[in-house]
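# Structure at a glance
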Amino acid sequence: MSTTLLLARHGQTVWHAENRYAGVSDVALTGTGRAQAEALGRWAGTHPVDAIWTSTVSRAIATAEPACRALDLTPHREPDLRECDFGVLEGRTLAEFAAEDPKAAEAFRADPVAHPFPGAEDPAAAAHRGAVALHRIAAAHDGERVLVVAHNTLLRLVLCDLLSIPLGDYRRVFPQLRNAAITELRMHRRAVGLISLNVPCEPDGA
(Lines give C-alpha, C1' and ligand atoms only; values in the text may rest on other atoms or scores of the structure.)
Protein backbone atom coordinates (compact mmCIF):
# COMPACT_ATOMS: atom_id res chain seq x y z
CA MET A 1 0.00 0.00 0.00
CA SER A 2 1.05 3.62 -0.46
CA THR A 3 1.22 6.34 2.16
CA THR A 4 0.12 9.92 1.49
CA LEU A 5 2.26 12.59 3.12
CA LEU A 6 0.71 16.07 3.36
CA LEU A 7 3.66 18.42 3.82
CA ALA A 8 3.09 21.88 5.27
CA ARG A 9 5.52 24.66 6.05
CA HIS A 10 4.91 26.35 9.40
CA GLY A 11 3.01 29.65 9.62
CA GLN A 12 4.50 33.10 9.15
CA THR A 13 7.05 34.14 11.79
CA VAL A 14 8.20 37.51 13.09
CA TRP A 15 11.22 37.33 10.74
CA HIS A 16 9.15 36.47 7.66
CA ALA A 17 8.41 40.02 6.45
CA GLU A 18 12.12 40.85 6.20
CA ASN A 19 13.00 37.39 4.82
CA ARG A 20 15.43 36.70 7.64
CA TYR A 21 16.80 33.19 7.92
CA ALA A 22 15.34 31.53 11.02
CA GLY A 23 16.96 28.13 10.77
CA VAL A 24 17.52 26.63 14.20
CA SER A 25 16.55 29.89 15.94
CA ASP A 26 13.37 29.74 18.03
CA VAL A 27 11.20 32.35 16.31
CA ALA A 28 7.54 32.87 17.21
CA LEU A 29 4.56 32.96 14.86
CA THR A 30 2.96 36.31 14.04
CA GLY A 31 -0.78 36.92 14.26
CA THR A 32 -0.91 36.06 10.56
CA GLY A 33 1.04 32.88 11.25
CA ARG A 34 -1.41 31.86 13.96
CA ALA A 35 -4.31 32.51 11.57
CA GLN A 36 -2.59 30.34 8.96
CA ALA A 37 -2.24 27.60 11.56
CA GLU A 38 -5.97 27.85 12.33
CA ALA A 39 -6.72 27.59 8.59
CA LEU A 40 -4.59 24.46 8.44
CA GLY A 41 -6.55 23.10 11.38
CA ARG A 42 -9.87 23.75 9.62
CA TRP A 43 -8.52 22.06 6.50
CA ALA A 44 -7.39 19.02 8.49
CA GLY A 45 -10.80 18.80 10.12
CA THR A 46 -12.47 18.30 6.74
CA HIS A 47 -9.87 16.05 5.09
CA PRO A 48 -8.79 12.50 5.95
CA VAL A 49 -5.72 12.71 8.20
CA ASP A 50 -4.66 9.73 10.29
CA ALA A 51 -1.56 11.08 12.03
CA ILE A 52 0.37 14.32 12.53
CA TRP A 53 4.14 14.73 12.69
CA THR A 54 6.11 17.92 13.29
CA SER A 55 9.67 19.03 13.67
CA THR A 56 10.81 19.78 17.22
CA VAL A 57 11.01 23.53 16.51
CA SER A 58 8.32 25.57 18.29
CA ARG A 59 6.97 27.37 15.20
CA ALA A 60 6.18 24.02 13.56
CA ILE A 61 4.65 22.63 16.76
CA ALA A 62 2.46 25.73 17.13
CA THR A 63 1.35 25.50 13.50
CA ALA A 64 0.22 21.90 13.98
CA GLU A 65 -1.70 22.53 17.22
CA PRO A 66 -5.07 23.54 15.63
CA ALA A 67 -5.01 20.44 13.41
CA CYS A 68 -4.25 18.26 16.44
CA ARG A 69 -7.23 19.78 18.27
CA ALA A 70 -9.53 19.40 15.27
CA LEU A 71 -8.67 15.72 14.88
CA ASP A 72 -8.07 14.88 18.53
CA LEU A 73 -4.62 13.54 17.61
CA THR A 74 -1.42 13.60 19.63
CA PRO A 75 1.39 14.87 17.42
CA HIS A 76 4.61 12.94 16.91
CA ARG A 77 7.88 14.89 17.10
CA GLU A 78 10.75 14.19 14.71
CA PRO A 79 14.09 15.97 15.32
CA ASP A 80 15.28 15.19 11.78
CA LEU A 81 12.51 17.43 10.40
CA ARG A 82 14.09 20.52 11.98
CA GLU A 83 15.10 23.39 9.71
CA CYS A 84 18.65 23.64 8.39
CA ASP A 85 21.18 25.53 10.48
CA PHE A 86 22.13 28.58 8.40
CA GLY A 87 25.32 29.41 10.27
CA VAL A 88 26.26 33.08 10.03
CA LEU A 89 22.94 33.84 8.27
CA GLU A 90 20.81 32.98 11.31
CA GLY A 91 18.67 36.06 11.95
CA ARG A 92 20.04 37.90 8.92
CA THR A 93 18.96 38.48 5.33
CA LEU A 94 20.81 37.43 2.21
CA ALA A 95 21.09 41.10 1.24
CA GLU A 96 22.86 41.88 4.51
CA PHE A 97 25.28 39.02 3.91
CA ALA A 98 25.87 40.14 0.31
CA ALA A 99 26.81 43.62 1.48
CA GLU A 100 29.41 42.06 3.79
CA ASP A 101 30.71 39.31 1.49
CA PRO A 102 29.45 39.72 -2.09
CA LYS A 103 31.55 36.88 -3.53
CA ALA A 104 30.27 34.34 -1.01
CA ALA A 105 26.69 35.53 -1.54
CA GLU A 106 27.02 35.20 -5.32
CA ALA A 107 28.50 31.70 -4.96
CA PHE A 108 25.51 30.75 -2.78
CA ARG A 109 23.06 32.09 -5.34
CA ALA A 110 24.79 30.13 -8.10
CA ASP A 111 24.79 26.84 -6.17
CA PRO A 112 23.50 26.92 -2.58
CA VAL A 113 24.50 23.30 -1.96
CA ALA A 114 28.08 23.53 -3.22
CA HIS A 115 28.54 26.91 -1.50
CA PRO A 116 26.48 27.04 1.72
CA PHE A 117 26.78 29.89 4.19
CA PRO A 118 29.81 29.87 6.50
CA GLY A 119 29.10 27.72 9.53
CA ALA A 120 25.90 26.30 8.02
CA GLU A 121 24.78 22.69 8.03
CA ASP A 122 25.75 20.74 4.93
CA PRO A 123 22.61 21.00 2.73
CA ALA A 124 23.15 17.50 1.32
CA ALA A 125 23.25 16.10 4.86
CA ALA A 126 20.06 18.01 5.72
CA ALA A 127 18.33 16.66 2.61
CA HIS A 128 19.35 13.12 3.53
CA ARG A 129 18.19 13.30 7.15
CA GLY A 130 14.87 14.81 6.10
CA ALA A 131 14.28 12.27 3.33
CA VAL A 132 15.12 9.37 5.63
CA ALA A 133 12.70 10.79 8.22
CA LEU A 134 9.87 10.98 5.67
CA HIS A 135 10.51 7.43 4.50
CA ARG A 136 10.47 6.31 8.13
CA ILE A 137 7.17 8.12 8.76
CA ALA A 138 5.63 6.66 5.59
CA ALA A 139 6.65 3.15 6.61
CA ALA A 140 5.10 3.62 10.05
CA HIS A 141 1.78 4.70 8.52
CA ASP A 142 1.39 2.36 5.56
CA GLY A 143 -1.85 3.10 3.70
CA GLU A 144 -2.61 6.21 5.79
CA ARG A 145 -2.62 9.97 5.28
CA VAL A 146 -0.12 11.87 7.40
CA LEU A 147 0.19 15.63 7.94
CA VAL A 148 3.84 16.67 8.34
CA VAL A 149 4.60 20.22 9.51
CA ALA A 150 8.19 21.31 8.94
CA HIS A 151 10.25 24.05 7.28
CA ASN A 152 10.81 25.84 3.99
CA THR A 153 14.42 25.05 3.09
CA LEU A 154 14.46 21.59 4.64
CA LEU A 155 11.33 20.55 2.74
CA ARG A 156 12.58 21.98 -0.56
CA LEU A 157 15.84 20.07 -0.22
CA VAL A 158 13.94 16.90 0.69
CA LEU A 159 11.61 17.27 -2.30
CA CYS A 160 14.64 17.45 -4.58
CA ASP A 161 16.16 14.39 -2.93
CA LEU A 162 12.96 12.34 -3.18
CA LEU A 163 12.13 13.41 -6.74
CA SER A 164 15.67 13.00 -8.14
CA ILE A 165 16.12 16.73 -8.78
CA PRO A 166 19.69 18.09 -8.37
CA LEU A 167 19.93 19.52 -4.86
CA GLY A 168 21.71 22.63 -6.09
CA ASP A 169 18.54 23.58 -8.00
CA TYR A 170 16.24 23.65 -4.97
CA ARG A 171 15.92 27.45 -4.88
CA ARG A 172 15.12 27.58 -8.62
CA VAL A 173 12.75 24.61 -8.86
CA PHE A 174 10.97 25.33 -5.57
CA PRO A 175 11.30 29.12 -5.05
CA GLN A 176 9.10 28.99 -1.95
CA LEU A 177 6.78 26.75 -0.03
CA ARG A 178 3.91 28.94 1.12
CA ASN A 179 3.13 29.11 4.81
CA ALA A 180 0.64 26.42 5.88
CA ALA A 181 -0.06 25.34 2.29
CA ILE A 182 -0.23 21.64 1.40
CA THR A 183 2.20 19.72 -0.77
CA GLU A 184 1.05 16.13 -1.30
CA LEU A 185 3.37 13.18 -1.84
CA ARG A 186 2.43 9.57 -2.57
CA MET A 187 5.04 7.16 -1.22
CA HIS A 188 5.29 3.41 -1.85
CA ARG A 189 8.49 1.85 -0.55
CA ARG A 190 11.24 3.84 -2.31
CA ALA A 191 8.96 5.23 -5.03
CA VAL A 192 7.74 8.81 -4.54
CA GLY A 193 5.23 10.80 -6.57
CA LEU A 194 4.38 14.51 -6.31
CA ILE A 195 0.58 14.90 -6.40
CA SER A 196 0.25 18.62 -5.66
CA LEU A 197 2.41 21.58 -4.63
CA ASN A 198 1.68 24.67 -2.53
CA VAL A 199 -2.11 24.25 -2.38
CA PRO A 200 -3.56 26.80 0.08
CA CYS A 201 -5.82 25.51 2.84
CA GLU A 202 -8.31 28.27 2.15
CA PRO A 203 -8.96 30.25 -1.05
CA ASP A 204 -7.19 33.32 0.33
CA GLY A 205 -4.43 31.27 2.04
CA ALA A 206 -0.91 32.68 1.90
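Residues numbered from 1 in each chain as written. Predicted model: local features only at pLDDT ≥ 70, side-chain atom pairs only at ≥ 80, totals over all residues. Heavy atoms only, no water.

## Describing the nonpolar core
Within the largest apolar cluster, 39 residues are counted, with the highest numbers of intra-cluster contacts made by Leu5, Leu7, Phe117, Leu134, Val148 and Leu157. Among the secondary structure elements, those contributing two or more residues to this core are strand S1 (3-9), strand S2 (51-54), helix H3 (94-100), helix H4 (102-110), helix H5 (123-140), strand S4 (145-150), helix H6 (152-162) and strand S5 (182-188). If we skip the residues at most four places from it in the chain, Leu157 touches Cys84, Val113, Pro123, Ala126, Ala127, Leu167 and Tyr170. One finds Ala8, Trp43, Ala64 and Val149 within the second-largest nonpolar core, a separate group that totals 17 residues. (Core = buried A, V, L, I, M, F, W, Y, C linked by side-chain atoms within 4.5 Å. Buried < 20%, exposed > 50% of the residue type's maximum accessible area, 1.4 Å probe, protein only. Helix = DSSP H or I, 4+ residues; strand = E, 2+ residues; numbered from the N terminus. Contact = heavy atoms within 4.5 Å.)

## Some thoughts on unusual backbone geometry
Positive phi is not limited to glycine here, since Asn19 has a value of about 55°. Tracing the backbone shows Asn19 in the loop between S1 and helix H1 (31-45). For Asp72, which is not glycine, the phi dihedral falls at a positive 55°. By secondary structure assignment, the location of Asp72 is in the loop between helix H2 (58-71) and strand S3 (76-77). For Asp72, a relative accessible area of 72% puts it in the exposed group.

## Observations concerning the environment of Pro79
Inspection of the secondary structure puts Pro79 in the loop between S3 and H3. On the accessibility criterion, Pro79 (41% relative accessible area) is partly exposed. Spatially, the C-alpha atoms of Pro79 and Glu18 are 27 Å apart, while their sequence positions differ by 61 residues. If sequence neighbours within four positions are ignored, Pro79 has contacts with Thr56 and Arg129.

## Some points on the pattern of salt bridges
One pass over the structure, following the stated rule, counts eleven salt bridges. The closest approach of N and O atoms between Glu38 and Arg69, which form a salt bridge, is 3.1 Å. Of this pair, Glu38 sits in helix H1 while Arg69 sits in helix H2; the two residues are 31 residues apart in sequence, bridging distant segments of the chain. Arg69 gets classed as exposed once you look at its relative accessible area, which sits at 54%. Arg172 is the salt-bridge partner of Asp169, the closest N and O atoms lying 3.3 Å from each other. (Salt bridge = Lys/Arg side-chain N within 4 Å of Asp/Glu carboxyl O.)

## Thoughts on H5
With 18 residues, H5 extends 26 Å between its outermost C-alpha atoms, agreeing within 8% with the 26 Å of an ideal straight helix rising 1.5 Å per residue. Among all positions of H5, only Pro123, Ala126, Ala127, Arg129, Gly130, Ala131, Ala133, Leu134, His135, Ile137 and Ala138 are buried. (Expected span 1.5 Å × (residues − 1).)

## Notes on the sheet that holds S5
Think of a sheet as strands paired side by side through backbone hydrogen bonds, with each pair either parallel or antiparallel. Read from one edge of the open sheet, six strands run S3-S2-S4-S1-S5-S6, paired in mixed fashion. Single-partner strands in this sheet number two, and they are S3 and strand S6 (191-199). Two strands pair when backbone bridges link them, and S1 and S4 are joined in this way by six bridges, in the parallel orientation. The residue bridging Leu7 from the neighbouring strand is Val148, located in S4. Against the sheet, H5 makes contact with S1, S2, S4, S5 and S6, and its axis sits at roughly 135° relative to S1, the strand it touches most. Its contacts with the sheet put H6 on S1, S4, S5 and S6, and the angle it makes with S1 is roughly 145°. (Pairing = 2+ DSSP bridges. Axes fitted to C-alpha atoms, helices over the stretch in contact; angles between N-to-C directions.)

## Some thoughts on the environment of Ala35
Topologically, Ala35 is positioned in helix H1. Separated by 163 residues in the primary sequence, Ala35 and Asn198 have C-alpha atoms spaced 17 Å apart.

## Focus: the pairing of S5
Along S5, five of the seven residues are buried, which leaves the element largely enclosed by surrounding structure. Pairing analysis gives six bridges linking S5 to S6, with the strands arranged antiparallel. Within the sheet, the bridge partner assigned to Met187 lies in S6 and is Val192. Linking two consecutive strands that pair antiparallel, namely S5 and S6, is a turn of two residues; a positive phi of about 55° is found at Arg189 within it.

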